[in-house]
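Structure assessment
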Amino acid sequence: PQPVYLSDYQPPAYQVTHTELTFDLDPAATRVKARLLIERNENVDAQTPLVLNGEQLSLVSLAIDGTPLAEADYQLDEDSLRIMQVPATFSLESEVDIAPGANTALEGLYQSSGMYCTQCEAEGFRRITFYPDRPDVMATFTVTVIGDQNNEPVLLANGNPVDSGTLENGRHFVKWEDPHPKPCYLFALVAGDLHKVEDHFSTMSGRDVTLQIWVEKENLDKTEHAMASLKRSMVWDEQTYGREYDLDLFMIVAVNDFNMGAMENKGLNIFNSAAVLTHPNTATDATFQNVEGIVAHEYFHNWSGNRVTCRDWFQLSLKEGFTVFRDQCFSADTNSAPVKRIQDVSFFRTAQFAEDAGPTAHPVRPDHYIEITNFYTLTIYEKGAEVVRMLCNLVGWENFRQGADAYFERFDGQAVTIEDFVGCMEEASGQTLDQFMRWYAQAGTPEIDAHGEYDYVHSEYRLTLRQRTPATPGQTEKQPLHIPVRMGLVGTKSGQDLTLTMAGEVLGKDAVIHLRDNEQTFVFTDVAEAPVPSLLRDFSAPVKLYFPYSREELAFLLTHDSDGFNRWDAGQRLAMLALDDLIAAHRNGVEKVMDGRVTEAFRTLLTSSVSDKAVLAEMLTLPSEAYIAEQQPIVDVDAIHAAREFVRQSLALALRDEFVATFEANRSEEAYAPTSEQIAQRSLKNIALSYLMSIEDEQAIAFCQAQFAADHNMTDVRYALTLLVHSERDDVSSPALKAFGEKWAHDSLVMDQWFTIQVTRPQPDVLERVEFLMQHPAFSIKNPNKVRALVGAFTQNRVNFHRLDGKGYALLADVVIELNRLNPEIAARLVTPLTRWQRFDEARQALMHAQLERIKKEPLSSNVYEVVEKALA
Ligand code: B3K
Ligand code: ZN
């Protein structure tokens, strides 16, 4: 497979102005008739052939303006159709057959639980019909769907229904019209035995929009939260960005087999059922919040993505980074803002930093790719969102909003670039953002080394910041970035933020300093007392910041920093220092000793009644094994696990009474609601329970069993069950697991949780369990949710996946090889843990490398090929 380069971009030679499609549905042979109105673009030579993409299509007929083409008039190969001579304006009529029933890749038109659905982004439309499958070709669409009245009573596509009727042989049809020109990646079709819940929304200009959520009949009681989230999103986008919905109908459909979370098809969003269905008895708080965020994300795409779309796929972060930023702000406004930020950053620093440090590191705007599907990454999405957040902070919200207005107005109905977006921000703010643009071009996580000195004599604080970005594959030289560092100086005597004065200018108690050079020293004057700096407040830039804090200073910031995010971060840093010592002790075979300062800090947290329970729960959460691993030069899987368990148990032993009190004080009989208050209370209660269970005493087990038996809501049940199953106590673990499995055997999404709970336990029998569960009737390798819940979750079980006999790696490689044939997109994602082989000890490196080599010997999809090739380079 050959890479595509951003620098090779050429505008399309031909535009499609209108697309008419007719689908005659059949699992083995769906006939797709297309009539495309095509125009040659200005300044394009009349001899230029028309080249259309097409894959896995069997061509039935081809005509231009009603005249059939002879075989000599065109060239057909594996992935394209070339017509040598075409008029300046014409209609192209084609008929092809496709086989949705045999489509296991879940791209293009496929069947999921017997129903038909589509996934076209990024390049799936070429598996439906011959078409210029690129986002800068935008057309209006008219789509007729023909199906069986019994099997497919519901026939949906984008836009508004304009006609319907019955046909011969028990068939019927519905015709849809989408008046908004769109690229074909936003095309969607759904057909099946679906049932809807309906609601209405009145837009800010007073238009009535019908809202529908379509699901399988048994899921009708699981749509309430998604509907409420949708309405909140619609209000939020009107109030925050002035963006109104633009059709009379907005539909969401839940499908069981889906590669990603959801897809923003115009007027017809298609969701993975796991990303839309909720019920207090079947979904956890985390799922409720995730659903809210994804519903919002897809809805927000209607403007940031659909009305204004990407010129080419290199610009993917233009819509994804911006839309993630928008959904993050929405969730922060709807729930607890500090907790949202803590959770997002915590995930980001674990997973995106790892991506940036590995062989698949790439810039927010890549300059080449082999398979675009591999670029739906944490870098494009989450780092892209961090870059937009920095932009917003740099220009200020007022200017940002003005820039966004200009962007939506000027480029409405167009396919544009990241420069177009940033250009609007420059215009609105009057700032030059040239250096800032490097954030889009440079891969890797910038590191800042900071140190500070307090000069008592002159009452000055001198802060020196030095930046460097490590080399990444294909990018050895890095330029200095423009890094906004939000900060404060916290007085060690007063415990208060001191006023920041620089070069005679009073900046306030909290300010942003701009690091632009490789090294800069910032001198703060009139600093009346010795301060501890609080740097990178609210994670003001996606960087690693090193400052030689003492443990006393961290304990001080933990209680005194006015920035909630940095208070949490100080606790994480303090825990990390203790963990580092314990990891070293474990390695050297010396006795582990708990750092009393961490214990005391936790005691303070538990007893001083931090007012925000959700923040407190986050502060009591230790850095994950994956995050700790990111901080180590060479990952020692066992030492990390042992050190973290030691800290958990030491804290539980020392603070047992406090944890019991916290647990008991936060139990509640109130009816479940996914409100911030309730979620905060549950997370605090459950984190306390998890500490108590780390010592597995009778009382803790009794608490867990009671919580499990009370069966009050899935959050509590799942938490209790996980703790029981992850304990050493087989006598309590097995019965609970069995009871849960039997109770929920009928519910696929709950069974996914049942898989995950078992394969994430620390006991050494997990690999065998994974093998066993892969034969379970509730498992199917063709369903991405099942693969993620069982195999994906297993790879996150670090002590077991990284077993020294290499069997964990071999199991993963086996699954990747099988999925490479069935579903390349999922296979290429699943292989990720193996690609990080260079981070481990020599023995594991060799084992992981060997499995990558084994995969490479297979006839590979371009997806898996690209990832494995990079990993072995
Ligand atoms: N835009 C989709 C991504 C689907 C791509 C799958 N290959 C989901 C989203 O970001 O909203
Ligand atoms: Zn998106």
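Our structure is the block above this text.
So, here's what we can say about the structure. (Residues numbered from 1 in each chain as written. Chains lettered and ligands numbered in written order. Predicted model: local features only at pLDDT ≥ 70, side-chain atom pairs only at ≥ 80, totals over all residues. Heavy atoms only, no water.)

The element helix H22 (residues 784–795) is extensively covered by neighbouring structure, given that eleven of its twelve residues are classed as buried. Within H22, burial applies to Pro-784, Asn-785, Lys-786, Val-787, Ala-789, Leu-790, Val-791, Gly-792, Ala-793, Phe-794 and Thr-795. (Buried < 20%, exposed > 50% of the residue type's maximum accessible area, 1.4 Å probe, protein only. Helix = DSSP H or I, 4+ residues; strand = E, 2+ residues; numbered from the N terminus.)

At this site the zinc ion (ligand 2) is bound by His-297 (NE2), His-301 (NE2) and Glu-320 (OE), with donor distances of 1.9 to 2.1 Å. Sequence spacing of the donor residues for the zinc ion (ligand 2), all on one chain, is H-x3-H-x18-E. With a gap of 19 residues between them, His-301 in the loop between helix H2 (285–300) and strand E22 (309–310) and Glu-320 in helix H3 (residues 316–334) connect regions that are remote in the sequence. Both residues of the pair, His-301 and Glu-320, count as buried. (Donors = N, O, S within 2.8 Å, 3.2 Å for Na, K, Ca; no water.)

If you check the shell around ligand 1, you find 14 residues, and the closest are Glu-121, Glu-264, Glu-298, Glu-320 and Tyr-381. Within the side chain of Glu-121, one N or O atom sits 2.5 Å away from a nitrogen atom of ligand 1. Contact distances for ligand 1 include 2.9 Å between an oxygen atom and a side-chain N or O atom of Glu-320. Protein chains bury 97% of the 340 Å² of accessible surface belonging to ligand 1 in isolation. Elements supplying a minimum of two residues to the shell around ligand 1: strand E20 (262–263), H2 and H3. Residue composition of the shell around ligand 1, grouped by class: five nonpolar, three polar and six charged. (Near = heavy atom within 4 Å. Polar contact = N/O pair within 3.5 Å; in protein donor to acceptor, adjacent residues only side chain to side chain. Areas by Shrake-Rupley, 256 points an atom, 1.4 Å probe, with all protein chains shown as cover. Nonpolar A, V, L, I, M, F, W, Y, C, P; charged D, E, K, R; others polar.)

The subject of this paragraph is helix H21 (residues 766–773). For H21, every residue scored as buried is listed here: Val-766, Leu-767, Arg-769, Val-770 and Leu-773. Viewed along the axis of H21, the buried residues span an arc of 160°, placing them on a single side of the element. Where H21 is buried, its residues meet helix H19 (730–743), helix H20 (748–759), H22, helix H23 (798–801) and helix H24 (807–822). (Arc of directions from axis to C-beta. Contact = heavy atoms within 4.5 Å.)

Before going further, it helps to spend a moment on the pattern of salt bridges. Opposite charge on two side chains permits pairing when their charged atoms draw close. Counting across every chain of the model gives 66 salt bridges. In this structure, Arg-603 engages Glu-600 in a salt bridge whose closest nitrogen and oxygen atoms are separated by 3.0 Å. In this pair, Arg-603 and Glu-600 both sit in helix H11 (residues 596–607), three residues apart, roughly one turn of the helix. Taking the relative accessible area as the measure of exposure, Arg-603 reaches 28% and is therefore partly exposed. Glu-600 sits in the partly exposed class, given a relative accessible area of 40%. It is possible to trace a salt-bridge network through shared partners that takes in Arg-486, Asp-497, Asp-510, Arg-537, Asp-561 and Asp-563. (Salt bridge = Lys/Arg side-chain N within 4 Å of Asp/Glu carboxyl O.)

A word on the side chain of Lys-266. For Lys-266, the position within the fold is in the loop between E20 and strand E21 (268–272). Looking at Lys-266, the relative accessible area reads 2%, which means it is buried. A polar contact is formed between the side chain of Lys-266 and the side chain of Asn-302, at a distance of 2.9 Å. Excluding anything up to four places from it in sequence, Lys-266 contacts Asn-158, Gly-159, Asp-178, His-180, Lys-182, Leu-186, Asp-246, Leu-247, Asn-302, Asn-306 and Arg-307.

Along the chain, Asp-237 turns up in helix H1 (residues 224–241). What makes Asp-237 buried here is its relative accessible area of 1%. Dropping the residues within four chain positions of it, Asp-237 is found in contact with Gly-242, Arg-243, Tyr-299, Phe-300 and Arg-326.

These values are about where atoms sit, not about what they do.
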